[in-house]
Each structure stands twice: as C-alpha cells, then as structure tokens.
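Residue-level listing of the chains:
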Amino acid sequence: MSSVMQPLKDEHRELLPHIEFLREAGVLVEASSEQEVLRAAEDAHEFLVHHLIPHAIGEDRVLYPVVERLMGAPGATATMSRDHVEVGKLTEELGALKDKIAQSGATETGLTELQRVLFGLYGIVKLHFDKEEEIYVPILEKGLSSKEATEMFAEMEKAAGEAKAAAHA
Ligand SMILES: [Fe+2]
Ligand SMILES: [Fe+2]
C-alpha cells in the first residue's frame, strides 16, 4: 500500500546502510591499520555532516512541527530534537578525533574514544530512526492528505538543501 509518508521512508532506507557503516567502522577500529581506521572515520564524518545532519535539520524545521500540530501537543518532539543535538555533538567529537589521528597518529586512548563515539552514534541514530518510523510515521499518515504531505516534503527538502549548502561552505 502506498503511503503519503513514502518519501521519508525512502530517505531513511537510503541513509540506513550508512548508519550500519557507523557500527562497522567502530568494529574496524580494533582490527585495521591506522590508515583504514582513518579513512572509515573520515567517511563516517562526511556522511554525518553532509547527509544525516541536513536530514535532521529538515525534520526539526518542517516535519516535527507538523507532528506536534497533529498530536495537539506543543513540545512533544523536543526529545527527538534532543537526539539530533546529541548526534551533532558526537559528530564534532568524531571530527576532532579523526583530525588528531590524521595530524599526529593514533594513540590507544584516541582509538578507544573513536570507537566509543562511533558505537554511540550508531546506537542513538538507529533507535532514533525506529522511533520516527514506528511512532511519527503513523501519526503523519493518519493526519495528512497527500497534498499536505507533498507540500511538507518540498519544504523539508528545501530546508535540508540549505543545510547541505551551508555544510559545504
Ligand atoms: Fe530525526
Ligand atoms: Fe529521520
């Protein structure tokens, strides 16, 4: 059955292999050369900054306010926006850790920290996606006409596009 929320499900489906990669990169930290670890950390960081965070910004600006309106519960999505904030913080940590490895090589502490950050991101983002799909998608499917959903996704794409452009600047 087609759903007015298919664009969000499709976007999540595209992002999911990269979320799995966060976990794989975390495992890799223990078993790979410094160069491979660094490359995985760089790939994970680039995905977060240029794809996942713009997606989250689109949700914060457009999707979550719609969820709150449909629930009749202002502030209801604040806990989910807080997940986005945590992803931003951990992404910054990941950036600093990978820069340090690139500049002065990996220390044992640096690698342990890197693994903590990658597994942390994986756990938070995976559960966050499940919450959106299992709790918000049914609310939106019930409450939005296909015209409203189309308009919402156009706005979301615009907000995410602006965020992507800003990340490239
Ligand atoms: Fe989200
Ligand atoms: Fe999402």
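Residues numbered from 1 in each chain as written. Chains lettered and ligands numbered in written order. Predicted model: local features only at pLDDT ≥ 70, side-chain atom pairs only at ≥ 80, totals over all residues. Heavy atoms only, no water.

1. Digging into the nonpolar core
- Within the largest apolar cluster, 25 residues are counted, with the highest numbers of intra-cluster contacts made by Leu48, Leu52, Leu94, Leu114, Leu118 and Leu121.
- Those elements giving two or more residues to this core turn out to be α1 (6-31), α2 (34-71), α3 (78-104) and α4 (108-143).
- Considering every element that reaches this core, the biggest residue donor is α2, with eight residues.
- Those residues in contact with Leu94 that lie beyond four places of it in its chain are Ala41, Ala44, His45, Leu48, Leu114, Val117, Leu118 and Leu121.
- Ranked by size, the runner-up nonpolar core spans 17 residues in total, among them Val62, Val67, Met156 and Ala159. (Core = buried A, V, L, I, M, F, W, Y, C linked by side-chain atoms within 4.5 Å. Buried < 20%, exposed > 50% of the residue type's maximum accessible area, 1.4 Å probe, protein only. Helix = DSSP H or I, 4+ residues; strand = E, 2+ residues; numbered from the N terminus. Contact = heavy atoms within 4.5 Å.)

2. Brief notes about the coordination of the iron ion (ligand 2)
- Here the iron ion (ligand 2) is held by His12 (NE2), His55 (NE2), Glu59 (OE) and Glu132 (OE), and the distances to it run 2.0 to 2.2 Å.
- Around the iron ion (ligand 2), the four donor atoms are arranged such that angles at the metal cover 81 to 174°; this shape is classified as irregular.
- On the primary sequence, the residues serving as donors to the iron ion (ligand 2) are separated as H-x42-H-x3-E-x72-E.
- The distance between the iron ion (ligand 2) and the iron ion (ligand 1) comes to 3.5 Å, and Glu59 binds to both of them. In this pair, Glu59 is assigned in helix α2 and Glu132 in helix α4, connecting sequence segments 73 residues apart.
- Relative accessible area serves as the criterion here: at 0%, Glu59 is assigned to the buried category. (Donors = N, O, S within 2.8 Å, 3.2 Å for Na, K, Ca; no water. Tetrahedral: all angles 85-135°; square planar, octahedral: opposite > 155°, others 65-115°.)

3. Side note on α1
- For α1, which comprises 26 residues, the first-to-last C-alpha distance of 38 Å matches the rise-based estimate of 38 Å (1.5 Å per residue) to within 8%.
- A bend of about 35° at Leu16 is the largest found in α1, and the proline Pro17 appears one to four places after it.
- Within the span of α1, buried status applies to Leu8, His12, Leu15, Ile19, Leu22, Ala25, Gly26 and Val29. (Expected span 1.5 Å × (residues − 1). Bend = angle between axes of the 7 residues up to and from the residue.)

4. Concerning the pattern of salt bridges
- Evaluation of the coordinates by the stated rule reveals eleven salt bridges.
- Notably, a salt bridge pairs Asp10 with Arg13, separated by 3.9 Å at the nearest N-O pair. Taken as a pair, Asp10 and Arg13 lie in helix α1 at a separation of three residues, close to a single helical turn.
- Taking the shortest distance from any N to any O, the salt bridge between Glu93 and Arg116 comes out at 2.7 Å. Of this pair, Glu93 sits in helix α3 while Arg116 sits in helix α4; the two residues are 23 residues apart in sequence, bridging distant segments of the chain.
- A relative accessible area of 32% means that Glu93 is categorised as partly exposed.
- Residue Arg116 is classed as partly exposed on the basis of its relative accessible area, which comes to 38%. (Salt bridge = Lys/Arg side-chain N within 4 Å of Asp/Glu carboxyl O.)

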